[in-house]
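Structural features, examined
Here's the letter readout for the chains.
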Amino acid sequence: MKVSYFLEKVFVYTLFKSISIFIFTAFIFTPDMDAQSISASVYGKVVDKETNENAIFANLQLFKSGDPEFFKGSVTNMDGEFLFENLKSGEYTLKITYLGYTGIEEVFVIGRLSEFLDLGIIELEESIQEFEEVEIKSRRDEISGSLDRRIYNMEDNISQTGGSLLQAMQNLPGVSINQDGELEVRGSNKVAVLVDGKQTAFTGAGAQSGLDNIPVSSIERIEIINNPSSKYDANAMAGIVNIIYKKEEAKGFNGSISVSGGIGSFTIPEKNIAEIREPYRYTPKINPGFSLNYRQNNLNFFVQGDVLWHKKVNRNEFFLREYPEGEPNVRQQFLENRTQPIYNIKLGLDWFANDKNSWTIFVLYNQRDYTDLGDLPYLSSSSNELIRLWEYYEYESNKTFMSSLTHRVTFDQPGHRIESSFNYSFRRKDEVFNFTDTQFEKIGMDSTFLIADENIFDLTVDYTKPHRSGRYEGGLKARARIFPNEISFRPGQNSILDLDLQGTAEYREWLYAAYGNYIFESRKFEIEAGLRIEYADIDYLVDPDHNTYASDGFDYLGFFPSIRLGYRINDLNNINFFYNRRVDRPEEKNLRVFPQYSDPEILPIGNPGLQPQFTHSLEIAYKRTFEKAYLYSAVYHRITNDLLTSIITRVPDFNQLVLVDQNAGKSYNSGIELIWSQNLTDRISFNINTNFYLNVIDAFSVINAYPQGVEFSQPREEQWTGNLKAGSNIRFPRDITLQLSFVYFAPDIIPQGQIEDRMGLDFGLKIAIQEGKGEIFINGTDLFNTMHPEMVREDVDFKLSSTNYFETRVFRVGYNYRFG
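Residues numbered from 1 in each chain as written. Predicted model: local features only at pLDDT ≥ 70, side-chain atom pairs only at ≥ 80, totals over all residues. Heavy atoms only, no water.

**Comments concerning the overall build of the protein chain**
Spelled out, the test is: Where helices and strands are cited, they refer to DSSP runs of H or I of at least four residues and of E of at least two residues respectively, numbered from the N terminus. Only protein chains enter the calculation, and the probe is 1.4 Å; a residue is then buried if its accessible area is under 20% of its type maximum, exposed if over 50%, and partly exposed in between. Contacts between residues were defined by any pair of non-hydrogen atoms, one from each residue, lying within 4.5 Å. Residue burial considers only the protein chains on display, and all accessible areas are found by Shrake-Rupley using a 1.4 Å probe.
Along its length, the protein chain carries 4 helices and 46 strands. Here the protein chain holds 820 residues, and the buried ones make up 55% of them. For the protein chain, long-range pairs separated by at least 24 residues make up 69% of all intrachain contacts whose partners lie at least 6 apart in sequence. Roughly 34800 Å² of accessible area belongs to the protein chain as shown, and the carbon and sulfur atoms make up 56% of that amount.

**Let's talk about the packing of aromatic side chains**
Each aromatic ring pair is summarised here by two numbers: the centre-to-centre distance and the angle between the ring planes. What counts here: For this analysis, a ring pair means two rings from Phe, Tyr or Trp (six-membered ring only for Trp) whose centres lie within 6.5 Å, classed as stacked if their planes differ by under 30 degrees, edge-to-face if by over 60, and tilted for the remaining angles. Each ring is checked for a lysine NZ or an arginine CZ that lies within 6 Å of its centre and within 35 degrees of its normal; such an atom marks a charge sitting over the ring.
Following the criterion strictly, the structure yields 23 aromatic pairs and no others. Ring centres 5.4 Å apart and planes at 75° place the aromatic pair F266 and F811 in the edge-to-face group. Of this pair, F266 sits in the loop between β16 (252-264) and β17 (283-296) while F811 sits in strand β46 (residues 810-819); the two residues are 545 residues apart in sequence, bridging distant segments of the chain. Overall, F266 belongs to the partly exposed group, its relative accessible area being 25%. For F811, a relative accessible area of 32% gives the class partly exposed. The lysine or arginine in question, K311, covers the ring of Y280, its NZ or CZ lying 5.2 Å from the ring centre. Note that R624 overlies the ring of F626, its terminal NZ or CZ placed 4.4 Å from the centroid.

**Overview of the sheet that holds strand β10 (residues 149-153)**
By way of backbone hydrogen bonds, the strands of a sheet pair with one another, either parallel or antiparallel. Test applied: Between any two strands, at least two bridges found by DSSP are needed for them to pair. To get an axis, fit a line to the C-alpha atoms, keeping to the stretch in contact for a helix; angles then go from 0 to 180 degrees between the N-to-C directions.
Taking strand neighbours across the sheet as the criterion, the 4 strands line up as β10-β14-β15-β13 in an open arrangement whose pairing is mixed. Strands at the two margins of the open sheet, each flanked by one partner only, are β10 and β13 (191-195). In this sheet, adjacent strand axes meet at a mean angle of 15° when their direction is disregarded. In this structure, strand β14 (residues 219-225) lies alongside strand β15 (residues 239-245), joined through 6 bridges in antiparallel fashion. Directly across from I224, in β15, lies its bridge partner V241.

**Some remarks on a nonpolar patch on the surface**
As a reminder, the rule being used: Surface patches are drawn from residues lacking salt bridges whose relative accessible area is over 30%; two like charges belong together within 9 Å, two nonpolar side chains (Val, Leu, Ile, Met, Phe, Trp, Tyr) within 5 Å. Salt bridges are identified by distance alone: a Lys or Arg side-chain nitrogen within 4 Å of an Asp or Glu carboxyl oxygen.
Judged by side-chain polarity, F253, Y294, L299, F301, I345, L347, L349, W351, W359, I361 and L405 come together as a nonpolar surface patch covering roughly 950 Å² of accessible area. Here the element with the most residues in the nonpolar patch is strand β19 (residues 330-351); it accounts for 4 residues. Along the chain, F253 falls in strand β16.

**Some words on the pattern of salt bridges**
All chains considered together, the criterion is met by 40 salt bridges. Note that R321 is salt-bridged to E601, the shortest N-O span being 2.5 Å. Here the residue R321 occupies a position in strand β18 (residues 299-322), and E601 occupies one in the loop between α4 (588-591) and β29 (602-605), the gap between them amounting to 280 residues. The residues R321 and E601 share a single accessibility class, namely buried. A salt bridge links E419 to R408; the nearest nitrogen and oxygen atoms lie 3.2 Å apart. Remark: R408 occurs in strand β21 (residues 386-410) and E419 occurs in strand β22 (residues 417-439); sequence separation between them is 11 residues. The structure contains a network of salt bridges with shared partners spanning D233, R427, E454, D458, K477, R479, R481, E509, R532, E534, R585 and E587.

**Observations concerning the pairing of strand β25 (residues 503-521)**
Both strand β24 (residues 470-490) and β25 contribute to a ladder of 18 bridges, which runs antiparallel. From the neighbouring strand, F483 faces β25, where its bridge partner is Y507. Turn length for the β25-strand β26 (residues 525-542) hairpin, with the two strands adjacent in sequence and antiparallel, is 3 residues.

**A look at the environment of I487**
Along the chain, I487 turns up in strand β24. A relative accessible area of 7% means that I487 is categorised as buried. Spatially, the C-alpha atom of I487 lies 4.4 Å from that of L450, the residues being 37 residues apart in sequence.

**A closer look at the sheet that holds strand β5 (residues 90-97)**
Taken together, 4 strands build an open sheet; the order of strands is β3-β2-β5-β6 and the sheet is antiparallel. Taken across any chain shown, the strands that pair with only one partner, and hence form the sheet edges, are β3 (72-75) and β6 (104-110). Neighbouring strand axes in the sheet, compared pairwise and without regard to direction, differ in orientation by 20° on average. Of the strand pairs in this sheet, β5 and β6 are connected by 7 bridges, and their pairing is antiparallel. If you follow L94 over to β6, its bridge partner there is E106.

**Observations regarding the environment of S420**
Tracing the backbone through its elements, the reader meets S420 in strand β22. Linking S420 and L459, residues 39 residues apart in sequence, is a C-alpha distance of 7.6 Å.

**Things to note about the environment of N293**
Defined as follows: The term polar contact refers here to a pair of N or O atoms within 3.5 Å; inside protein, the definition further demands a hydrogen-donor-capable atom paired with an acceptor-capable atom, and it admits residues adjacent in sequence only when both atoms are side-chain atoms.
Looking at the secondary structure, you find N293 in strand β17. We classify N293 as buried; its relative accessible area is 1%. Separated by 37 residues in sequence, N293 and S256 have C-alpha atoms that sit 9.2 Å apart. Side chain to side chain, N293 and N300 meet in a polar contact 3.3 Å long.

**Observations concerning unusual backbone geometry**
Here the residue pair Y706 and P707 is connected by a cis peptide bond, since its omega of -5° sits within 30 degrees of zero. As for its position among the elements, P707 is in the loop between β36 (700-704) and β37 (710-714). Phi at Y282 takes a positive value of approximately 50°, unusual for a residue other than glycine. If you trace the backbone, Y282 turns up in the loop between β16 and β17.

**Regarding the confidence of the model for the protein chain**
In plain terms, the rule: Summary of the metric used: pLDDT quantifies the predictor's per-residue confidence within the range 0 to 100.
Per-residue pLDDT for the protein chain averages 85, and the proportion of residues at 70 or more is 89%. Counting interchain partners and residues more than four positions distant, the pLDDT-below-50 stretch residues 129-139 has 27 contacts.

**As for the side chain of K429**
Mapping K429 onto the fold places it in strand β22. Excluding anything up to four places from it in sequence, K429 contacts E396, S397, N398, L450, I451, A452 and R592.

And the structure:
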């Protein structure tokens, strides 16, 4: 059933009223689960003494006085907090250890009058040991205790410092970049990208646009969550990537500055097939940035900004189009040279109003403008004669604004809190395409203009209440996403534009959700079980004059359970089972009914008739910890219905191809992931990660409606594929660190074709100076220039082969300095 006109009109009223009732009942009527208990709970928070950063997953061991054996163990959560419950009266010793820090002991006594004891903020000092004048800092364990997420600090990724976030993530375990420049987790691009835990128009609501436009210098860490709980949105079957921006919290005035520069495109791997512009050579990269923080009393102000200006060979793809015998084959090149400045600034304020209330407000502004110069020559494969030359000038400006207001209320019981948040994001895309088409001794000139405005309104309430052996979580969410766009054509002489495709369209999304989680933990067992109920109503309104598509949409009321069962074999062995059901809704760009004329003979266009895909995921994960190493392994299986993909078909009686988004039926993905990380010596560490899986796509048939109905069918296909990654850090005297990273991607199948294997090697060198406050780095990506994807796609009446020699090899040098 569609959302009614009445429901749309009262959206805001209903939402605020529901949340008001929810908060009121939480404040007034929630009973104190432990009010009659004679035992006590102990709460505390562990932080870095210098930076005040939360100590995430610090190890905790609790001892009774006079007993050498600890009887309770735990780890701190994502906020550095811990909570021990059901403690009897007596004297206790709490031992806290954290990799890279000096251990600490806290002694406390539980009497008979207080049911809760707050140990306050416990500060840890970094541990620095001297061996022949070498400073040695332990590496932090990336895998969480519950095995549901991995955390990677970007400052440790030396080989990618100074570049974009998208390229830096390519070296992370379980993550890859596909042939379209999209992030994939365990072989799927259905990934939700969050910024500081929130969906934005910056990265796309549930999508990942803009990752190549975020400098690594802005980011503190990346969280990869393969099995999100019901607390998170149900979209993105491959999991969640949470981007955490840098934010200093130390008292007083402090911050950092950085600057880097680089050069790419040293060689031309493949010569042009015709007389066109040459690919950019010796492309410059410049990336200055800063981060400032001032904290005094109950206020914390933070601001950061950076610029990434660069030129690059964005695309240099060589095609061969083969047709049935008797028809001419076509050689083609797609060269795109890009010049792009990117500007980022984020500022905000934390206000700790009192012991119970705190507020955080921040705004983020991103502007990315680029100018693309495109050259597409088409040659007869047999005679090598130029049959067509397509040239274009594109200017696109993307301006994104995000704001967030968060209010936290805490209660007397440690861990009992309510957090409410309102987020608003706006993105404007303004695009101009000017084309010149030369064929058959005729010259045509056309222009297209696109304006698209994306608006996202998010309102969430999250409630947490501890119980004797865990906690309850619950929450509400409502989102409105409005995305109008308009494309207009200005035909010139000998125009090839289809004027019936211009006009307006609007994407509308209304989403309502409620969730509940129950978390139980004992010495041996852990249970996290939850259910998210989500109603989504998506409409895509198409201009009535459109010659192919009409307005369409979909809606669903979905139940999305999530389960995690954990068993602690002992302190060094941990095994977990996961199950969840998730959904991937087609993005606005997949529904968009306007063609993209960057390549007139392989024309992409969306499909407003797309339906969401639903996925069931199962996983068993195991972790074994050693003194200087750990082994992580996971076996997973995913079943997806109505797989979202794209299909290329040939226009009848023409050599032109069209690429249309489609639902391709059912697919399966089964695999195993292994991570081995070890400190070989005090100076040498390494890690190796393998992720191999079986991709299966069932037989399916679809019809590409544009420009006229063409049927495509494919039998069942399957193939083993995966990737292998290895990295090492070598620490030399005088605070010098060398990092090497190798990655290999095996061949993989896609609907209608296959991608061949590829590999690359990166390096990074970091030198600490100025008593550790400054550092100089040098790095290089894809040293042997081998990360160039080859792909084959075919149907009964064509075969399309391609190799893309876009810019992958870049060398950078930079300087960072921390103060305060």
